[in-house]
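# Reading the structure
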Amino acid sequence: MDTVTGASSLVRALEDAGCEVVFGIPGGAILPAYDPLLDSAKIRHVLVRHEQGAGHAASGYAQATGRVGVCVATSGPGATNLVTPLADAYMDSVPVVAITGQVNRSVIGTDAFQEADIRSICLPITKHAFQVTEPEDIPAVIAEAFALAAGGRPGPVLVDIPKDVLSATTTYTPALPVHTPKVTPAANEVRRAATLITSASRPVFYIGGGVVRAGAAAELRTLAERTGIPVVTTLMARGAFPDSHRQHLGMPGMHGTVPAVAALQQSDLLIALGTRFDDRVTGVLDLFAPNAAVIHADIDPAEISKNRKADVAIVGDCKDVLVSLIAAVRQAPVLTSWWAYLDGLRDRFPLGYDWPADGKLAPQHVIERIGTLVGPEAIYTSGVGQHQMWAAQYVGYERPGSFINSGGLGTMGFAVPAAMGAQCGVPDRAVWAIDGDGCFQMTNQELVTCALEGIPIKVAVINNGNLGMVRQWQTLFYQGRYSNTGLSTHKRVPDFVALAEALGCAGLRCEEKSEVDDVILRAMEIRDRPVVIDFVVGEDAQVWPMVAAGTGNDEIMTVRDFKPLFDEDL
Amino acid sequence: MTRHVLSMVLHNVPGALARVVVLFSSRGVDVESLSLDPTERGDVSRMDVVVGLPAGRSPDQLVKQLSRLVDVKSVVAVADQARNQIGA
């Protein structure tokens, strides 16, 4: 038991929790914590330029490493700037601990300078929020925050610490290990699931991000290969099953592949693992997979039967569930006609795109070439919008955790800070942010952080001069009335190459198909600073296939108004 | 609307009540009445809530969502009054 300040206690507690990097910005109320941080040999502090960047970086770090990501901010505006990344981490079940300074205990509730009731603000977007009122509680609270963030269904946890608690003299007592209760998959439900799997004629594995969080990709592959059942991976699960695998039909949902969407719609058995039947996957719920029985396994019992009633409900970690299923499924179902149907769709409706009529670069081509040249060992992040969907469709993912994006909340600006965080966690891998020109303008200030901290990420700005996905909807549903979607980035305002240089990065530009490979290879050779490539692409490219909002998945369109599944019978 | 009675035990810590109430508002649950009482044990409180749910929505989901909260020690739907239409 050592006599220390609350701040030293905090830093030691973080070290004891295994924290190796924190992303943050100091300010008045958190200032005491920054003093002992200077002396920590175990914790690297990355000084970001905006707290939102700290939060997304913590999320990128967590998703790349599987460990808890940590961000730090001061009270008031510092804390409220963390709201978006915490909401993002909550929706995507990412283990993040946010530490915020708070005003002195004696003035809480008096509208003091830089006071915000961040604990209340974060109620609906955190797994839990602590406010530390006694300095001696710090080690136990930090240990519990880490255990809560990582345990069960992962998520963000807030720890709010008043300044005088950090300044006070206290004692450091290492926290006792926190016990996280573990649920074992119920044997009878696993047996019922195995019976359904063996007797199904049109089964499909509907795989969500829970399989990635559980580290269960190898077990999934074993069960999939043993049963021969087709696999679809949602946006959050890209990489959980290799894209190159014959049984993989791609991503389902609003911009999914025709075979993946058809496999769900025509299925007689959905084996849903670590997924939550999100509206972007199901389309109109009443029309989703109308003839399928549902096996739903999730670590969070509140997700089971939330949107679609499960016939067999298995509560448990996806890895444990898969291990149980591997033991229980003794016989593979006969799927000859099912595969004949799906392979037929694969042949007839592969992913594809047209080159823009105006001679501009096709964005899909750019992303496809990045995926090919950079390869599956890299980590890719994306923002939100058209470029995100193309990154999900046209990069081949072979490893879980190799695609990090904002799925549930759909946070524009996620790519650059998430890439920064991921690179800090896995310094030996290439990290590429595939970003849009709209998203890039929201968070590119973190490139300064990357340049100064030696975090050599690559950023491919898919610059179509517009808020592309919104523009696509205006084309399709608002008679081409382009209200406020033009960003003028094709007029070089801003000039992304000059901006990159100003931010301490290398700036490259590519406008011709013949230059695409060269510019990617040049970017790969630059290792002493971050690289930004301005890929100037056509503004009219659209994301296809598409299930329009408010329609059922059977109405999937491969191109505008062409609905291959609508009248087709299996 | 259908009416359901939930009986909960909460840890007696600051913010526990707020978290429960925010869950009701963010999940679209009507609160008809709510009472919070100390128990003989000083570290927990008992909370009884009568909630209204849109027709067709079962209280099971709500019970599971409340169970996720760290400061909720237990929660049960004590009497399923699903057939009692509020106002009928």
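Residues numbered from 1 in each chain as written. Chains lettered and ligands numbered in written order. Predicted model: local features only at pLDDT ≥ 70, side-chain atom pairs only at ≥ 80, totals over all residues. Heavy atoms only, no water.

## Here we look at the overall build of chain B
In terms of helices and strands, chain B carries 2 helices and 4 strands. The N-to-C order of helical and strand elements in chain B reads β-α-β-β-α-β. Counting all 88 residues of chain B, 35% fall into the buried class. Considering only contacts within chain B whose residues lie at least 6 apart along the sequence, 73% involve residues at least 24 apart. Summing over all exposed atoms, chain B offers an accessible surface of approximately 4700 Å²; the carbon and sulfur share of this is 52%. (Helix = DSSP H or I, 4+ residues; strand = E, 2+ residues; numbered from the N terminus. Buried < 20%, exposed > 50% of the residue type's maximum accessible area, 1.4 Å probe, protein only. Contact = heavy atoms within 4.5 Å. Areas by Shrake-Rupley, 256 points an atom, 1.4 Å probe, with all protein chains shown as cover.)

## Observations concerning the interface of chain B and chain A
Much of the literature gives interface size as the accessible area that the parts lose upon coming together. Counting residues at the interface gives 12 residues for chain B and 18 residues for chain A. Sorting the residues of chain B by area buried against chain A places R19, R68 and V70 of chain B first, and these three jointly supply 48% of that buried surface. At the boundary of chain B with chain A, the tally comes to 1 salt bridge. The residue R68 of chain B makes a salt bridge to D300 of chain A at a minimum N-O spacing of 2.3 Å. Counting across the chain B and chain A interface gives 8 residue pairs in polar contact (both at pLDDT 80 or more). Elements with a minimum of two residues in the side of chain B that touches chain A: helix 1 (16–26) and helix 2 (59–67) of chain B. The element that contributes the greatest number of residues to the side of chain B that touches chain A is helix 1 of chain B, accounting for 4 residues. Taken together, the residues of the side of chain B that touches chain A sort by class into 4 nonpolar, 4 polar and 4 charged. (Buried area = accessible area lost by both parts, 1.4 Å probe. Salt bridge = Lys/Arg side-chain N within 4 Å of Asp/Glu carboxyl O. Polar contact = N/O pair within 3.5 Å; in protein donor to acceptor, adjacent residues only side chain to side chain. Nonpolar A, V, L, I, M, F, W, Y, C, P; charged D, E, K, R; others polar.)

## Looking at the sheet that holds strand 13 (residues 312–315) of chain A
Hydrogen bonds between backbone groups are what pair the strands of a sheet, and the pairing can be parallel or antiparallel. Residues and elements named next belong to chain A. Strand order in the open sheet formed by 5 strands is 10-9-11-12-13, and the pairing between neighbours is parallel. If you trace the sheet from one side to the other, it starts and ends with strand 10 (231–233) and strand 13, each paired once. Strand-to-strand twist of the sheet, defined as the mean angle between neighbouring strand axes without regard to direction, takes the value 15 degrees. Pairing between strand 9 (residues 203–207) and strand 11 (residues 269–273): 5 bridges, direction parallel. For F205, the partnering residue across the bridge sits in strand 11 and is I271. Along the sheet, helix 12 (residues 258–265) makes contact with strand 9, strand 10 and strand 11, crossing strand 9 at roughly 115 degrees. (Pairing = 2+ DSSP bridges. Axes fitted to C-alpha atoms, helices over the stretch in contact; angles between N-to-C directions.)

## Overview of the packing of aromatic side chains
All names here are of chain A. Under the counting rule described, the total for this entry stands at 11 aromatic pairs over all chains. Their ring planes at 85 degrees and their centres at 5.5 Å tell us that Y353 and Y394 sit as a pair that is edge-to-face. Taken together, the residues span a long stretch of sequence, with Y353 in the loop between helix 15 (336–348) and helix 16 (363–374) and Y394 in helix 17 (residues 386–394) at a distance of 41 residues. The exposure class assigned to Y394 is buried, which follows from its relative accessible area of 9%. An angle of 80 degrees between the planes, with centres 5.4 Å apart, marks the rings of W473 and F477 as edge-to-face. (Phe/Tyr/Trp six-rings, centres within 6.5 Å; stacked < 30°, edge-to-face > 60°.)

## Let's talk about the nonpolar core
Residue and element names in this part refer to chain A. In this structure, F205, I207, L270 and L273 are the most contacted members of the largest nonpolar core, which totals 62 residues. No other element matches the 6 residues that helix 12 contributes to this core. With residues up to four places along the chain from it excluded, the contact list for I207 reads L220, V231, V232, T233, T234, A237, A240, L273 and T275. Among the nonpolar cores identified, the runner-up in size contains 51 residues, and I25, A57, A98 and V532 belong to it. (Core = buried A, V, L, I, M, F, W, Y, C linked by side-chain atoms within 4.5 Å.)

## Section: the UniProt feature "domain: Thiamine pyrophosphate enzyme central" (unreviewed entry) in chain A
Taken from the UniProt record, the annotation "domain: Thiamine pyrophosphate enzyme central" (unreviewed entry) applies to residues 190–325 of chain A. Segment residues 190–325 of chain A splits into 34% helix and 17% strand. End C-alpha atoms: 6 Å apart. (UniProt positions renumbered as here; feature names shortened; annotations may be inferred.)

## Re the side chain of D268 of chain A
Residue and element names in this part refer to chain A. Relative to the elements of secondary structure, D268 occurs in the loop between helix 12 and strand 11. The buried charged residue D268 lacks any salt bridge, with R202 as its nearest oppositely charged partner at 4.9 Å. Of note is the side chain of D268, whose polar atom sits 2.9 Å from the backbone nitrogen of S201. Residue contacts for D268: discarding those within four places in its chain leaves A200, S201, R202, P203, N291, A292 and A293. (Lys, Arg positive; Asp, Glu negative; His and termini not counted.)

## Considering the UniProt feature "domain: Thiamine pyrophosphate enzyme N-terminal TPP-binding" (unreviewed entry) in chain A
Per the UniProt record, "domain: Thiamine pyrophosphate enzyme N-terminal TPP-binding" (unreviewed entry) is annotated on residues 5–118 of chain A. Along residues 5–118 of chain A, the helical share is 41% and the strand share 18%, with 23 Å between the first and last C-alpha atoms.

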